[in-house]
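Each chain is listed here by its residues.
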Amino acid sequence: MYYIQPHYHGISRTTQDYARMAQAGVVAVAEPSFWAGFDHQYAGSFIDYFRQISEFEPTRAAQYGIRHFCWIAVNPKESENLSLSREVMTAMPSFFDKPTVLGIGEIGLNKNTRNELVIFQEQLELAIKYRQLVLIHTPHLADKRKGTQLTLELLHNLHADPQRVWIDHVEEHTIKAVLDAGYWAGMTLYPTTKMSPSRAADMLEIYGSERLLVNSSADWGPSSPFTLQECAMEYRSRGHSEQELIDVFHNNPARFLGQSSKFDISPIGLSPEPIANSTSARP
Ligand SMILES: [Zn+2]
């Protein structure tokens, strides 16, 4: 069975993770822009990061036959800095023409502050203006319900097309509002904290698989790219068919991401040179 990993932070993972994901059936990953553990000081630092995920990272994934796509954005945590965020946003449209950039994300809220909301709205307006897909991060823990409500209100006010918007990190108390409003909902699975593979399987059984995206994130924190397969195995063990698994773990992400004409999962040739030994990774 083939998997699509729709939310994956390759820059914080090893090349061996790509090899193992390929062995586990992953044929494509999509990498959103995120907070790298520290605040960037300069707009140029963001731009180099966008170049890394749109130019370099696809070459690393391709070594193992995995297609790599990305999203660019000022992440919610760093959007507190209005002037820096706006400087970065002026450079973002030049990336929309790149062959693997699918849209704007992850944008949204972290602590639900006024500044975060301002930059969230401006990035949504940019996405609408340039017809980009949208990936939205929702806050953690106590801020999640309020942040999700604010997100839904803002999307409604801007007349965003729900089919082209994915609201990620939903949990039991936020999933229904997201699906009822017509958006795609993402469940981000971690081995120990946040959403677990079995809780995700519960929600697939309760809400069905329509417009649901399961992902591993796999970032620099305690995380694993394989919570995706763990969830699939859990779902399978409950008696769901192979076709149901394919629908959730392959076809759903293909349906959402495939709204961008750039998304392509046809096989790519394997390169004979492992990138770890290459001195000229960038063409
Ligand atoms: Zn992320």
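Structure shown above.
This is a predicted model, so every value here is computed, not measured.

Undergrad: Mind showing me how you'd approach the overall build of the protein here?
TA: Secondary structure assignment for the protein yields nine helices and eight strands. What you see for the protein is a C-alpha radius of gyration of 18 Å, in line with the 19 Å of a compact globule of 283 residues. Along the first, second and third principal axes, the C-alpha atoms of the protein reach 50 × 45 × 35 Å. Counting the 283 residues in the protein, one finds 44% classified as buried.

Undergrad: Honestly, the pairing of strand E8 (residues 212-215) in this entry has me stumped. Any pointers?
TA: On a regular strand, each side chain points to the face opposite its neighbour's, so the side chains alternate between the two faces of the sheet. Both faces of E8 are covered, namely the face carrying Leu212 and Val214 and the face carrying Leu213 and Asn215. Where strand E7 (residues 184-188) meets E8, four bridges bridge the pair, whose relative direction is parallel. Looking at the pairing, Ala185 lines up with Leu212 of E8. Chirality of the crossover, the property in question, places the unit of E7, helix H7 (residues 197-207) and E8 among those that are right-handed.

Undergrad: Please clarify how the sheet that holds E7 should be interpreted in this entry.
TA: Strand pairing within a sheet occurs via backbone hydrogen bonds; the two strands may be parallel or antiparallel. Spatial strand order, E1-E2-E3-E4-E5-E6-E7-E8: eight strands in an open sheet with parallel pairing. Only two strands of the sheet have a single partner each, and these edge strands are strand E1 (3-5) and E8. Neighbour-to-neighbour, the strand axes of this sheet turn through a mean angle of 25 degrees, independent of strand direction. Here four bridges tie strand E4 (residues 101-108) to strand E5 (residues 133-137), and the two strands are oriented parallel to one another. Across the sheet, residue Ile104 finds its bridge partner in E5, namely Val134.

Undergrad: Hey, could you run me through helix H3 (residues 82-91) in this one?
TA: In an α-helix, one turn spans 3.6 residues; hence positions three or four apart end up facing the same way. Among the residues making up H3, those that are buried are Leu84, Ser85, Val88 and Met89. Angularly, the buried residues of H3 cover 140 degrees about the axis, an arc narrow enough to put them on a single face. Relative to its buried face, H3 has exposed residues pointing more than 90 degrees away, namely Ser83 and Thr90. Lining the buried residues of H3 we find helix H2 (43-62) and helix H4 (114-129).

Undergrad: Would you explain the environment of Leu141 in this entry?
TA: Mapping Leu141 onto the fold places it in the loop between E5 and helix H5 (144-157). Between the C-alpha atom of Leu141 and that of Glu171, which follows or precedes it by 30 residues, the distance is 9.7 Å.

Undergrad: I tried to follow unusual backbone geometry on my own but got confused; where do I start?
TA: Glycine aside, residues mostly have negative phi, and peptide bonds are mostly found in the trans state. Across the junction of Gly105 and Glu106, the peptide omega takes the value -5 degrees, indicating a cis bond. Tracing the chain through its elements places Glu106 in strand E4. Located in the positive-phi region is Ser217, a residue other than glycine, with phi close to 60 degrees. Relative to the helices and strands, Ser217 resides in the loop between E8 and helix H8 (227-237).

Undergrad: Help me understand the packing of H2 against H3, please; the structure alone is not making it clear to me.
TA: Contact pair H2 / H3: the axes reach a minimum separation of 9 Å and the direction vectors enclose 40 degrees. Put simply, H2 runs oblique to H3. Handedness of the crossing formed by H2 with H3: right-handed. For the pair H2 and H3, the contacting residues are Ala43, Phe46 and Ile47 in the first and Leu84, Glu87, Val88 and Ala91 in the second.

Undergrad: What's the story with the environment of Arg164 in this structure? I'm lost.
TA: Within the secondary structure layout, Arg164 lies in the loop between H5 and strand E6 (165-167). Separated by 61 residues in sequence, Arg164 and Pro225 place their C-alpha atoms 25 Å apart. Discounting chain neighbours no more than four positions away, the residues touching Arg164 are Leu133, Val134 and Gln259.

Procedures and definitions
Residues numbered from 1 in each chain as written. Predicted model: local features only at pLDDT ≥ 70, side-chain atom pairs only at ≥ 80, totals over all residues. Helix = DSSP H or I, 4+ residues; strand = E, 2+ residues; numbered from the N terminus. Rg over C-alpha atoms; globule rule 2.2 N^0.38 Å. Buried ≥ 20, exposed ≤ 12 C-beta atoms within 10 Å, placed from the backbone. Pairing = 2+ DSSP bridges. Right-handed = clockwise from strand over helix to strand, strands pointing away. Axes fitted to C-alpha atoms, helices over the stretch in contact; angles between N-to-C directions. Arc of directions from axis to C-beta. Contact = placed C-beta atoms within 7 Å. Parallel < 35°, antiparallel > 145°, perpendicular 65-115°, else oblique. Left-handed = near helix turned anticlockwise from the far one by under 90°.

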